[in-house]
Amino acid sequence: EPEVTQTPSHQVTQMGQEVILRCVPISNHLYFYWYRQILGQKVEFLVSFYNNEISEKSEIFDDQFSVERPDGSNFTLKIRSTKLEDSAMYFCASSVRAIIGHNEQFFGPGTRLTVL
Amino acid sequence: TQLLEQSPQFLSIQEGENLTVYCNSSSVFSSLQWYRQEPGEGPVLLVTVVTGGEVKKLKRLTFQFGDARKDSSLHITAAQPGDTGLYLCAGRFKNAGGTSYGKLTFGQGTILTVHP
């Protein structure tokens, strides 16, 4: 069964460093998302991406964050200068479409980001 | 900001008992999804409900979507230890212009423990 994959599973970095989290969405999906989950808190939306551009972003997704689809399979989230509060599980998700009423999003296993 | 309230936060029951988890909002959902999440993993999609009053069944799990599309419930019949886990509801809302975007808003989750 097709699934979303993410690498690495765990990333440890120093505050101020740049990190790139990688995702391979399900192959026939057209919409891609990043969410994060701080330990013990809700899953929070960061950004959605369609047709090589951001379609929606949350207030969390500030100038330190960027997303890219560098080729036909990967979808990346870059954090330019990590802060302690960026420590969280980051989930990539994808869906076939995002039309009203239909948006089954399938999630990857997550990348645990630890900022020291 | 649309909020989604999920209750109860914790549920501890004996094997064989029935249980219901609730998901409510003051805003209308365009669709709602239920997920199950294991520790350290991504949410796994259980079901999507779209139409007001809709009922979907997945073995011993019954999902209902309220007539006004502002609430949903997950009912588990004869719970088993294998049902233990975190259950999440996640909804899509229409904006003021009537458009529904792909962003999912998650509830805080219900941690279910089924004791043998």
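Look up a bit, the structure's there.
A. Representation of the sheet that holds strand β6 (residues 55–58) of chain B. Residue and element names in this part refer to chain B. Taken together, five strands build an open sheet; the order of strands is β1-β3-β8-β7-β6 and the sheet is antiparallel. Of all the strands in the sheet, just β1 (5–7) and β6 have a single pairing partner and so form its edges. The sheet shows a mean angle of 15 degrees between the axes of neighbouring strands, direction not considered. Of the strand pairs in this sheet, strand β3 (residues 19–24) and strand β8 (residues 71–76) are connected by six bridges, and their pairing is antiparallel. Residue V21 lies in a different strand from β8, and its bridge partner there is L74.

B. Examining the pattern of salt bridges more closely. The full count for this structure, using the stated rule, is four salt bridges over all chains. Where A:E44 meets A:R36, a salt bridge forms, and the shortest distance between an N and an O atom there is 3.1 Å.

C. Local environment of the state of the cysteines. In this structure the tally under the stated criterion is two disulfides over all chains. Disulfide partner of A:C23: A:C92, at an S-S distance of 2.0 Å. Sign of the S-S torsion, about -65 degrees for the bond between A:C23 and A:C92, identifies this disulfide as left-handed. With A:C23 in strand β3 (residues 19–24) and A:C92 in strand β9 (residues 88–95), this pair connects stretches of sequence that are 69 residues apart. For B:C23, the disulfide goes to B:C89, at an S-S distance of 2.1 Å. Taking the torsion about the S-S bond as the criterion, the B:C23 to B:C89 disulfide, at about 80 degrees, is right-handed. Within this pair, whereas B:C23 is found in strand β3, its partner B:C89 is found in strand β9 (residues 85–93), the two being separated by 66 residues in sequence.

D. Quick look at the interface of chain B and chain A. With 26 residues of chain B in contact, the opposing surface of chain A contributes 21 residues. Of the roughly 1,800 Å² buried between chain B and chain A, counting both surfaces, carbon and sulfur atoms make up 57%. In terms of surface lost to chain A, no three residues of chain B exceed B:R92, B:K103 and B:F106, which account for 24% of the buried area on that side. At the junction of chain B and chain A, the tally comes to zero salt bridges. Applying the counting rule to chain B against chain A returns four residue pairs in polar contact (both at pLDDT 80 or more). Breaking the side of chain B that touches chain A down by element, the ones donating at least two residues are β4 (29–37), β5 (44–49) and β9 of chain B. Here the side of chain B that touches chain A takes five residues from β4(B), the largest share from any one element. Split into classes, the residues belonging to the side of chain B that touches chain A amount to nine nonpolar, 13 polar and four charged.

E. Looking closely at the packing of aromatic side chains. All names here are of chain A. Per the counting criterion, the structure on display carries 16 aromatic pairs over all chains. An angle of 40 degrees between the planes, with centres 5.4 Å apart, marks the rings of F32 and F75 as tilted. Of the two residues, F32 sits in strand β4 (residues 31–37) while F75 sits in strand β8 (residues 75–79), which places them 43 residues apart along the sequence. Residues F32 and F75 agree in their burial class; the two are buried.

F. Quick peek at the pairing of strand β5 (residues 43–50) of chain A. Residue and element names in this part refer to chain A. Where burial is concerned, most of β5 is hidden: six out of the eight residues are buried. As judged from the seven bridges shared by β4 and β5, these two strands associate in the antiparallel manner. Paired with W34 across the two strands is V47, which belongs to β5. In textbook terms, the turn of a hairpin is the stretch between consecutive antiparallel strands, and for β4 and β5 this stretch comprises five residues, one of which, G40, has a positive phi near 80 degrees. In the sheet, β5 pairs with strand β6 (residues 53–57) via four bridges, with the strands oriented antiparallel. For V47, the partnering residue across the bridge sits in β6 and is K57. Joining the antiparallel neighbours β5 and β6 is a turn of two residues, in which N51 adopts a positive phi near 55 degrees.

The rules behind the values
Residues numbered from 1 in each chain as written. Chains lettered and ligands numbered in written order. Predicted model: local features only at pLDDT ≥ 70, side-chain atom pairs only at ≥ 80, totals over all residues. Heavy atoms only, no water. Pairing = 2+ DSSP bridges. Helix = DSSP H or I, 4+ residues; strand = E, 2+ residues; numbered from the N terminus. Axes fitted to C-alpha atoms, helices over the stretch in contact; angles between N-to-C directions. Salt bridge = Lys/Arg side-chain N within 4 Å of Asp/Glu carboxyl O. Disulfide = S-S within 2.5 Å. Contact = heavy atoms within 4.5 Å. Buried area = accessible area lost by both parts, 1.4 Å probe. Polar contact = N/O pair within 3.5 Å; in protein donor to acceptor, adjacent residues only side chain to side chain. Nonpolar A, V, L, I, M, F, W, Y, C, P; charged D, E, K, R; others polar. Phe/Tyr/Trp six-rings, centres within 6.5 Å; stacked < 30°, edge-to-face > 60°. Buried < 20%, exposed > 50% of the residue type's maximum accessible area, 1.4 Å probe, protein only.

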